[in-house]
Amino acid sequence: MDADYRPFHPNPSKPRYVPPPGAVDAHCHVFGPAATFAYAPERKYTPCDAPKEALFELRDFLGFERNVIVQASCHGRDNAALVDALGAANGRAKGVAVVRPDIGDDELAALDAAGVRAVRFNFVKRLVDATPRENYLRIADKIAPLGWHIVVYFEAPDLESLTPFITSLPGTIVVDHMGRPDIAKGVEHPDFGRFVQLLADHDNIWSKVSCPERLTVAGPPYDDVVPFARTLVERFPDRVLWGTDWPHPNMTWLVPDDGELVDVIPRIAPTPALQQALLVDNPNRLYWSAQR
Ligand code: 0GY
């Protein structure tokens, strides 16, 4: 682990909020353990191991039934730790992989059988080297027959330049962490307005309303992030997903308490109907439905 890397919270609090039956943590990771699943040589950070057993224990402790495990950049395009976790989850986890453009159909079929339902395109420069757009388009073509979707991760300053590309991609597109808005600018700022408009104009684009801990300026209980997530949940109730982002890679000043993160949910989704859509119906439709 990097000398300045901050491990996940060792003892999160029990949330006051109780998620509905069937609730899904739709954005989390497994890291290593490095002795079995080595980190990628091209990685930009080396995390603390965060194995599947710890993830499943947290899932149960927080009151969730299922996980969507997202391949993180520290494992590069080797999805072995992800596939191992999916295999151990007894059907209670699906995956988002990162793949090479020359991946074979047999490899894709194996990932599909393991429970992968999407690929992730990561545009965050501190996490990955740039990937040529044509590589992403090749991947988009290859996954289309499987009915997978595409998860995109970028930061707010890149929204404008990426919009033509993102809107040209086929199928369902899920944006990580609300496109990482600059919370200090406020929810009324045109920059966040541009992101809201992107979803308003394109009904194939979804957003994860995750990562208050990454976006906040004020810190817990994340009052400053709530209006952003709530805007998206209320405006696009059937195209939002929620996740813990455990084990919270690359947090510099704050080690989030996962119980406190769960307690943000009723503030961004204030009615039972919105909570049901956010935590149960939307992720189950996208990741577990037979007609995906
Ligand atoms: C996240 C956020 C981050 C890291 C990664 O793939 C990754 O390494 O996604 C980050 O550093 O912002 O979603 O886990």
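Report on the accompanying structure. Note that the structure is predicted; figures quoted are calculated from it, not measured.

### Concerning helix α8 (residues 226-235)
Now for step 1: Those residues of α8 that fall on the buried side of the exposure criterion are Val 226, Phe 228, Ala 229, Leu 232 and Val 233. For α8, the buried positions fall inside an angular range of 170° around the axis, keeping them on one side.
Now for step 2: For α8, the elements touching its buried residues are α6 (190-201), β7 (205-208), β8 (240-241), α10 (265-268) and α11 (272-288).

### Here's the deal with the nonpolar core
Now for step 1: With 85 residues, the main nonpolar core has Phe 195, Val 209 and Trp 242 as its most contacted residues.
Now for step 2: Apart from the residues within four sequence positions on either side, Phe 195 is in contact with Phe 154, Leu 159, Val 175, Met 178, Gly 179, Ser 207 and Leu 232.
Now for step 3: By size, the runner-up hydrophobic cluster in this structure holds 13 residues, among which are Val 68, Val 70, Ala 118 and Val 174.

### Let's talk about the pairing of strand β2 (residues 66-70)
A regular strand places its side chains on the two faces of the sheet in alternate fashion.
Now for step 1: Within β2, four of the five residues are buried, leaving the element largely enclosed by the surrounding structure.
Now for step 2: When strand β1 (residues 24-28) meets β2, the two strands line up parallel, connected through three bridges. Bridge pairing in β2 links Val 24 to Arg 66.
Now for step 3: Each parallel crossover has a hand, and for β1 linked through helix α1 (residues 52-62) to β2 it is right-handed.
Now for step 4: As paired strands, β2 and strand β3 (residues 93-97) are joined by four bridges and run parallel to one another.

### Comments concerning the layout of surface pockets
Now for step 1: Roughly 460 Å³ of internal volume is contained in the largest pocket.
Now for step 2: Arg 77, Val 98, Val 128, Asp 129 and Thr 131 are, among the 24 residues lining the largest pocket, the residues nearest its centre.
Now for step 3: For the lining of the largest pocket, the secondary-structure elements that each account for two or more residues are β4 (116-122) and α4 (133-143).
Now for step 4: In terms of residues, the lining of the largest pocket owes the most to one element, β4, which gives four residues.
Now for step 5: Partitioned by chemical class, the residues of the lining of the largest pocket number 12 nonpolar, six polar and six charged.

### Some details on the state of the cysteines
Now for step 1: For the structure shown, the criterion picks out zero disulfides.
Now for step 2: Lacking any disulfide linkage, Cys 48 is separated from the closest cysteine sulfur, that of Cys 74, by 11 Å.
Now for step 3: Owing to a relative accessible area of 18%, Cys 48 belongs among the buried residues under this scheme.
Now for step 4: Cys 211 carries a free sulfur, and the closest cysteine sulfur to it, the one in Cys 28, is 11 Å from it.

Reading guide: rules and limits
- Every chain is numbered independently, its residues counted from 1 as its sequence is written.
- Reporting in this predicted model follows two pLDDT cut-offs: at least 70 for local features of residues, and 80 or more for side-chain atom pairs to be given and counted; totals over whole chains, interfaces and linings ignore these cut-offs and use all residues.
- As a rule here, side-chain values come from all non-hydrogen atoms in the structure, and water together with hydrogens is ignored.
- Burial status follows relative accessibility: with a 1.4 Å probe on protein chains alone, a residue under 20% of its type maximum counts as buried, one over 50% as exposed, and anything between as partly exposed.
- Numbering goes from the N terminus for both helices and strands, where a helix is a DSSP run of H or I of at least four residues and a strand is a run of E of at least two.
- What the arc measures is the spread of directions leading from the helix axis to the C-beta atoms.
- In what follows, a contact means two residues having at least one pair of non-hydrogen atoms within 4.5 Å.
- As used here, the term nonpolar core means buried Ala, Val, Leu, Ile, Met, Phe, Trp, Tyr and Cys residues forming a set that is joined through side-chain atoms within 4.5 Å.
- What makes two strands pair is DSSP finding at least two bridges between them.
- Assignment of crossover handedness uses the view with strands pointing away from the viewer, where a clockwise path from the first strand over the helix to the second indicates a right-handed crossover.
- Only protein atoms enter the 1 Å grid used here. Points where a 1.4 Å probe fits but cannot escape make up a cavity, open sets with protein on both sides within 12 Å along at least five of seven lines make up a pocket, and a residue lines them when an atom lies within 4 Å of a point.
- Grid points are joined across faces, edges and corners, and a volume is the space filled by probe spheres set on the points.
- We call Asp, Glu, Lys and Arg charged. Ala, Val, Leu, Ile, Met, Phe, Trp, Tyr, Cys and Pro are nonpolar, and the rest, Gly among them, are polar.
- Throughout, a disulfide means two cysteine sulfur atoms within 2.5 Å of one another.

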